[in-house]
Amino acid sequence: MCDLKRTLDATVCSSALHFLSGCLTQFSLGTLRFGDAVRDWEDSVLAFLDCLIPTGACISVSYLLCRSYSQQFYPARRKLIYCSRTVPEIEKALAELKRLMDYRISQAETEEEKEKEKSYTGLGLTSRKNLCIHPEVSKEKKGKVVDARCRDLTNSAACEKGRADPGSVELCDWHENLGKLEPGNLIPPGIWTLADVLQYGRDKGICPYFTVRRMMPFVDIIIYSFHYLLDPKVAEQVSKELSKDAIVVFDEAHNIDNVCIESLSIDLTRPMLDSAARSVSKLGEKIEEIKTTDAAKLQDEYAKLVEGLQDDVDDTDGFMANPLLPDDLLNEAIPGNIRKAEHFVAFLKRFVEYLKTRMRVLHVVAETPLSFLQHLKDITYIERRPLRFCAERLQSLIRTLQISRLDEYSALQKVASFATLVSTYEKGLAPSSYNSLWNLSFCKTLPSGFLLILEPFETDNATVPNPVFHFTCLDPSLAIKPVFERFSSVVITSGTISPLDMYPKMLQFTPVVQETYPMTLTRNAFLPLVITRGSDQVAISSRFEVRNDPAVVRNFGSILIEYSKIVPDGIVAFFPSYLYMESIVAAWNDMGILNEVWKHKLIFVETPDANETSIALENYRRACDNGRGAVLLSVARGKVSEGIDFDHNYGRAVIMFGVPYQYTESRILKARLEYLRDAYRIRESEFLGFDAMRNAAQCVGRVLRGKTDWGLMVFADKRFARADKRAKLPRWINQYITETASNLSTDMALTLSKLFMRTISQNPNENQTGISLWTLEDVEKAQAKQKALALEAAQEREAHNDDEDEYGDGGINDDMLVDFDLDV
Ligand code: SF4
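Owing to the predicted nature of the structure, the values given are computational and were not obtained by experimental measurement.

Asks: What exactly am I supposed to notice about the site of the ligand here?
Replies: All residues adjacent to the ligand are Cys 132, Ile 133, His 134, Cys 150, Thr 154, Cys 172, His 175, Cys 207 and Phe 210. Residues belonging to the shell around the ligand are distributed by class as follows: 6 nonpolar, 3 polar and no charged.

Now the structure itself:
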């Protein structure tokens, strides 16, 4: 702790802040407090921060800043594992760290210090798709295909053969060149953005992806996606070797519970089962073929399995890692009935056929894993034990048969993972209430955290079956538990992680430090407004009963028209769902509202297709840049609402049409709500409200991305006026919603908006020094103040102790007794 305190002393903080005042967008008083928090939680199990500095970038930089200092002085140089959500966010964090370190190098006073700064190494990891430089492989459009083709070129069997007999198999030269370099010295020290690593790989002829993977144990900071830690399939391959004393940070963690749930859930569809069946047949053919050419291979594999030996697999070969959490991995021999390759293929065939038959039902089925296993056993005699080994056995077989183009086997891989998951997490039974919900007929004990739901139709009104078999995890704490158990310091942070008390409940942890930091701006850079009714005084809401009411739709439309008249450049509008957006846009078209908006701005629409959306975004930005102005219609929880910044002219106003509740008729959501209620006493309405407000905050937060930025945040729904709803918004937004601004009609909101824009557009270069940006003197002043306060507190404590001494523990001490006249 002393070392850490030293790292955050005056010189260090002041120079850092001085740098920040020169180079970065927004930094605030929160920094020093943030530093305090870092000090507090450094040796703790968990920290939990709601850092309300307006940009995610600043959250990242503040943490990186504190860590980089502490690592310089902390003897053990604990590694920092920094997880972010998207590739642009990872790249942004790396770029910030790079600028920070460049500055520190330039400011180092001695040569020794300079060398120390230069030795600080940080890398970012993302998929092969983004880091491959092979001229053909990198052209593949799908990530899965890139992975599979890369594995064909780099798996250990191919490499061995290719090296022994050059030209016999195709290898990747960029991968081969890496082998010639000294391990741990594949890339010089320093901070490397993803673009830098790509360029370095091209220049030196080495694979950027494997450079980063192999350098991971040697770097000081690794920045990658949540999945590399939370998804057992990936974590097993990528993060297994990271040291336990590393500090883990989950940035932008407002949706971390959903990532946890996704990482232990699997969906199977009919086409997937068909593809899996084809793969099983191909495996059968391959086995027959190999029996005639190289039967010893299969014999060897069988002998190994009999002895319970497991192959020492190079992680780069890992076609499919085990989908189980580390604690649930079995250290046992593979059961006898699936050891022989042909027996295992027959076993898989039976299982896939069973799943296909199950998919033929035309009503919704919800059942626990236990009930599924019982039914499976009754019909096919397949036992639970061999099922548990399905993923592992398939991996072994694929390796033995040396199969290439593994992407063609991805459906079979899913089926095997499904089998392993369903047979491992079968313990415990469904909550009693599932019975009433879907007419289930099993006992009533503790919830298991997993449920199987078979939905034969895509929507309730559909007539053509398109069945999906969901194996769904209901408990987010399961996936994150191994992270909490393994690493001693975990930080969960976001600008919109609110209300804070919900996360410890959902993820089952006790925070050691829990902090919310206010924003420090010299002026109110954003104006949140709640519009509860239109100019005609009709209440507006996206509540199911009134959402398609023509008066509501028209009022929503007139908000858009009016704001497109008065707001310069870009406006981003969010809707609760694609379906709702489609119906509203169609109605606006009929009402002539779109024509009105077109007079002032171009209109772009987000769609579920990522490519279409990125084209729309690009053109939206172009329209904002050339002064034409544009409106982007998008969806909460969609691509645009997460990780895309609408800074400056790209977003002068965000309008949230309605409260973005989830689709409550979703059976998976219903099951999750019931689970949360039964297991953690979180009421349905509490979770739904929390989820809607965190998404609303995420959407409106897009508008303010830096200290020179400004924008309007319009909440258009009368439910936002309710105090309980607003209380769930992050404090940095909620504190600016004044009483007057919390219940407005459209025309009143417009008046306030015009006033705000007139004020904000004046004096844009106002000096923020001393408020959101600190000079060395400011830092010293703040520290002197802090010291004085600490001294005062210490004196007070001392005085208090003196008082206590006087009375001791409440009794009378011996000294006092001598003064008493004990004669009665
Ligand atoms: S080793 Fe690297 S460069 Fe070669 S195919 Fe794989 S990802 Fe691409």
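Asks: Is there a simple way to explain the nonpolar core in this structure?
Replies: Inside soluble globular proteins, nonpolar side chains tend to come together where they are buried. If you look at the biggest cluster of nonpolar residues, it comprises 138 residues, and the most contacted ones within it are Ile 81, Tyr 224, Phe 250, Ile 256, Phe 351, Leu 355 and Phe 372. By size, the runner-up hydrophobic cluster in this structure holds 79 residues, among which are Ala 573, Phe 604, Ala 616 and Tyr 736.

Asks: How should the packing of helix H29 (residues 667-680) against helix H30 (residues 684-700) be read in this particular structure?
Replies: Helix-helix packing: each pair is described by the crossing angle between the helix axes and the interaxial distance. Close contact between H29 and H30 brings their axes to 9 Å; oriented N to C, the two are set at 120°. Put simply, H29 runs oblique to H30. Classified by chirality, the crossing of H30 by H29 is right-handed. Of the residues in H30, those touching H29 at Leu 669, Arg 672, Leu 673, Leu 676 and Arg 677 are Glu 684, Phe 687 and Leu 688. Looking at the contact of H29 with H30, its residues break down into 5 nonpolar, no polar and 3 charged.

Asks: It is not clear to me how the confidence of the model for the protein should be interpreted in this structure. Could you clarify?
Replies: When pLDDT is low, close inspection of the predicted coordinates is not appropriate. Per-residue confidence for the protein averages 81 on the pLDDT scale, and 82% of its residues sit at or above 70. Across residues 428-446 the pLDDT falls below 50, and counting only partners more than four positions away or on other chains, this stretch makes 44 contacts in the model. Within the model, pLDDT remains below 50 along residues 805-824, and this stretch shows 3 contacts once partners closer than five positions in the same chain are excluded.

Asks: When you look at the packing of aromatic side chains in this model, what are you seeing that I'm missing?
Replies: Each aromatic ring pair is specified by the distance between its two centres and by the angle formed by the two planes. By the definition in use, this model includes 28 aromatic pairs. Ring geometry for Phe 418 versus Phe 471: centroids 6.1 Å apart, planes at 75°, classification edge-to-face. With Phe 418 in helix H21 (residues 410-424) and Phe 471 in strand E9 (residues 468-473), the pair connects residues that are 53 residues apart, well separated along the chain. Across this residue pair, the class does not change: Phe 418 and Phe 471 are buried. Chaining the aromatic ring pairs together yields one cluster made of Phe 351, Tyr 354, Phe 372, Phe 418, Tyr 425, Phe 450, Phe 469 and Phe 471. A cation over an aromatic ring shows up here: Arg 547 above the ring of Tyr 580, its NZ or CZ 4.3 Å from the ring centre. Arg 621 extends its terminal NZ or CZ atom over the ring of Tyr 650, reaching a point 4.8 Å from the ring centre.

Asks: It is not clear to me how the environment of Glu 301 should be interpreted in this structure. Could you clarify?
Replies: Inspection of the secondary structure assignment puts Glu 301 in helix H16 (residues 270-306). Along the primary structure Glu 301 and Arg 399 are separated by 98 residues, whereas in three dimensions their C-alpha atoms are 9.8 Å apart. If we skip the residues at most four places from it in the chain, Glu 301 touches Arg 393, Ser 396, Leu 397 and Thr 400.

Asks: It is not clear to me how the environment of Ser 685 should be interpreted in this structure. Could you clarify?
Replies: Residue placement: Ser 685 occurs in helix H30. On the accessibility criterion, Ser 685 (49% relative accessible area) is partly exposed. Taking the C-alpha atoms as reference points, Ser 685 and Leu 673, 12 residues apart in sequence, are found 8.9 Å from one another.

Asks: I'm lost on the sheet that holds strand E8 (residues 450-455) in this one. Help?
Replies: Through backbone hydrogen bonds, the strands of a sheet pair up, either in parallel or in antiparallel fashion. On the basis of which strands lie adjacent, the open sheet formed by 4 strands has the order E6-E9-E8-E7 and antiparallel pairing. Looking at the sheet topology across the chains shown, the edges are occupied by strand E6 (266-269) and strand E7 (365-367). The average angle at which neighbouring strand axes cross in this sheet is 10°, direction not considered. Strand direction decides the pairing type here: E7 and E8, joined by 3 bridges, are antiparallel.

Asks: So what exactly am I meant to see when it comes to the pattern of salt bridges here?
Replies: Opposite charge on two side chains permits pairing when their charged atoms draw close. Summed over all chains, the structure comprises 36 salt bridges. The shortest N-O distance in the salt bridge between Lys 233 and Asp 231 comes to 3.5 Å. Residue Lys 233 is classed as partly exposed on the basis of its relative accessible area, which comes to 22%. Judged by its relative accessible area of 10%, Asp 231 falls in the buried class. Arg 719 is the partner of Asp 717 in a salt bridge, and the nearest nitrogen-oxygen pair spans 3.0 Å. Comparing Asp 717 with Arg 719 shows no difference in burial state: the two are buried. Taken together, the shared-partner salt bridges in this structure form one network comprising Asp 257, Arg 637, Arg 672, Asp 691 and Arg 694.

Asks: How do you make sense of helix H26 (residues 578-591) when you look at a structure like this?
Replies: Here H26 is 14 residues long and its end C-alpha atoms lie 20 Å apart, about the 20 Å a rise of 1.5 Å per residue gives. At the exit of H26 stands Gly 592, carrying a positive phi of roughly 80°.

Asks: Honestly, the pairing of strand E2 (residues 80-84) in this entry has me stumped. Any pointers?
Replies: Working note: regular strand, side chains alternate between the two faces of the sheet. Here E2 lies mainly inside the structure; 5 of its 5 residues are buried. Burial along E2 is two-sided: the face carrying Leu 80, Tyr 82 and Ser 84 and the face carrying Ile 81 and Cys 83 are both buried. By the bridge criterion, 5 bridges tie E2 to strand E4 (residues 221-225) in an arrangement that is parallel. When the sheet's bridge partners are listed, Leu 80 is paired in E4 with Ile 221. With 4 bridges joining them, E2 and strand E5 (residues 247-250) adopt parallel strand pairing.

Cut-off values and rules
Residue numbers here run from 1 along each chain, matching the order of that chain's written sequence. Reporting in this predicted model follows two pLDDT cut-offs: at least 70 for local features of residues, and 80 or more for side-chain atom pairs to be given and counted; totals over whole chains, interfaces and linings ignore these cut-offs and use all residues. In computing side-chain properties, one takes all heavy atoms of the structure into account and sets aside hydrogens as well as water. Near, as used in this document, describes a residue that has one of its heavy atoms within 4 Å of the molecule or strand being considered. For this classification, Asp, Glu, Lys and Arg are treated as charged, while Ala, Val, Leu, Ile, Met, Phe, Trp, Tyr, Cys and Pro are nonpolar and the rest, including Gly, are polar. Residue types Ala, Val, Leu, Ile, Met, Phe, Trp, Tyr and Cys, when buried and joined through side-chain atoms within 4.5 Å, form a set referred to as a nonpolar core. Using a 1.4 Å probe on the protein chains alone, a residue whose accessible area is under 20% of its type maximum counts as buried, one over 50% counts as exposed, and one in between counts as partly exposed. Comment: axis = line fitted to C-alpha atoms, over the contacting stretch for helices; angle = value between 0 and 180 degrees taken between N-to-C directions. Starting at the N terminus, helices and strands are each numbered in turn, a helix being any DSSP run of H or I of at least four residues and a strand any DSSP run of E of at least two. Angles below 35 degrees are treated as roughly parallel, those above 145 as roughly antiparallel, those between 65 and 115 as roughly perpendicular, and all remaining angles as oblique. Handedness of a helix crossing follows the sense of rotation of the near helix relative to the far helix, less than a right angle counterclockwise being left-handed and clockwise being right-handed. By the convention used here, residues are in contact when the closest approach between their heavy atoms is within 4.5 Å. For every residue, the pLDDT score states the predictor's confidence, bounded by 0 at the bottom and 100 at the top. Pairing of aromatic rings covers Phe, Tyr and the six-membered ring of Trp, with a centre-to-centre limit of 6.5 Å; geometry is then stacked below 30 degrees between planes, edge-to-face above 60, and tilted otherwise. We call a charge positioned above a ring when the Lys NZ or Arg CZ atom is no farther than 6 Å from the ring centre and deviates by at most 35 degrees from the ring normal. Strands are labelled as partners when DSSP assigns at least two bridges between them. For this analysis, a salt bridge means a side-chain nitrogen from Lys or Arg found within 4 Å of a carboxyl oxygen belonging to Asp or Glu. Given a helix with a known number of residues, its expected span is that number minus one, times 1.5 Å.

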